[in-house]
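Here is what each chain is made of, one letter per residue.
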Amino acid sequence: MGYTNVSHYPGGLTEWLAHEPQQAAVQPMRLHNAEPVAEAAIARPRHAWSTAFVNALADRSVEQLFRLWLEIVIGCGLAYWLLATMWPSFALMTSGGPVPQGLRGLWPALYFSAVTATSIGYGDIVPTGASRVLAVGEGIAGLILFGCVVSKFVSRRQEELIGQIHRIAFEDRLGRVRTNLLLVRTELQATARLCEGRDIPPPEAVARVESAAMVFVGELHAVHDLLYRPQETPEEAVLEAILAGLASVFREFNELLSCVQAQRSERPPALSASVNTMSRLAREICGDCVPRQFAPALRTWMDQIQRMAAEVEQI
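Draft legend 1. Geometry of helix H4 (residues 106–117). An ideal rise of 1.5 Å per residue puts 16 Å on 12 residues; H4 measures up with 16 Å between its terminal C-alpha atoms. The complete set of buried residues in H4 reads Pro108, Ala109, Phe112, Ser113, Val115, Thr116 and Ala117. Along its buried surface, H4 packs onto helix H3 (62–86), strand E1 (92–94), strand E3 (125–127) and helix H5 (131–195). Where H4 terminates, the next one or two residues include Ser119, which has phi positive at roughly 60°.

Draft legend 2. Local environment of H5. Along its 65 residues, H5 runs 94 Å from first to last C-alpha, staying within 8% of the 96 Å computed at 1.5 Å per residue. A positive phi of about 75° marks Gly197, the residue just after H5.

Draft legend 3. Broad picture of the sheet that holds strand E2 (residues 97–98). The 3 strands are arranged E2-E1-E3 in an open sheet whose pairing can be described as antiparallel. The open sheet is flanked by E2 and E3, the only strands paired with a single partner. Bridge count between E1 and E2: 2 bridges; the pairing is antiparallel. In the sheet register, Thr94 faces E2, and the bridge partner there is Gly97.

Draft legend 4. Local environment of the packing of H3 against H5. Running from amino to carboxyl end, H3 crosses H5 at an angle of 170°, the nearest separation of the two axes being 10 Å. In this view, H3 runs roughly antiparallel relative to H5, as classed from their interaxial angle. Only Ser131, Leu134, Ala135, Glu138, Ala141, Gly142, Leu145, Phe146, Cys148, Val149, Lys152 and Phe153 of H5 make contact with H3, whose side of the interface consists of Val62, Leu65, Leu68, Trp69, Ile72, Val73, Cys76, Ala79, Tyr80 and Leu83. Split by residue class, the contact of H3 with H5 holds 18 nonpolar, 2 polar and 2 charged.

Conventions and cut-offs
- Residues numbered from 1 in each chain as written.
- Predicted model: local features only at pLDDT ≥ 70, side-chain atom pairs only at ≥ 80, totals over all residues.
- Heavy atoms only, no water.
- Helix = DSSP H or I, 4+ residues; strand = E, 2+ residues; numbered from the N terminus.
- Expected span 1.5 Å × (residues − 1).
- Buried < 20%, exposed > 50% of the residue type's maximum accessible area, 1.4 Å probe, protein only.
- Contact = heavy atoms within 4.5 Å.
- Pairing = 2+ DSSP bridges.
- Axes fitted to C-alpha atoms, helices over the stretch in contact; angles between N-to-C directions.
- Parallel < 35°, antiparallel > 145°, perpendicular 65-115°, else oblique.
- Nonpolar A, V, L, I, M, F, W, Y, C, P; charged D, E, K, R; others polar.

The structure is reproduced here in structure tokens:
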């Protein structure tokens, strides 16, 4: 930490603070404030250009990268051709000597540029002199661009696989919502049979109502997210079946609350919290509330769910 005489204090930091109060007060301020700021100021510019370069290539499409590669091939080919025209001994060489000058040397220059950019390197044409530096730079640029193109293809395939996984997960989620709504409805009907012919509902019935209400609130959250924050939009037939299931559960729940005589003052805290939550969520499910436009049949189901939620609050 910058202290060279720490070993002089066998008592450790306590003894050092007792003997060096001024140094202890000054040194930590220098270490914790000055040095990290200086290191951060040096480290940020060091990697800024590389980050900007990588981001610039990552933002380009495959077509743009391929066009850039062609521009590099053509540009470097023209550069080789000009060097061969002006300084034949410092440009491109073949087994028979320098490449031809004039228009006859344009094709060999473009051919060598393409071979260099793809890193094939047949060896029938080799650079000499200043053209070697250009050939090395072109080879590096070609490797980078081809790597970016390959990564784009791999990323595209990964995106397709991820999309398929999301679609399968979304369909499974919709299936679980419909199944759970059916189970909740079945549970509510079975609980209502326990209350038949009794003035006072058994404790078992109230407990089952609490459990069913908690499950129903979870599924209501899922339907609310489908309408307000949809990652994918379900088909209208599937959504209509889910909304019909919601309405059916609300109807059974209203009848069961009346059956067990669970008035506001008599409801257990867990049941009251579930009822308040389902009422709040259902109030936001209506044809004019949701951000998307749905078919008239779906809007009718939404309005019906909102009315039943208002009835739950009044019980």
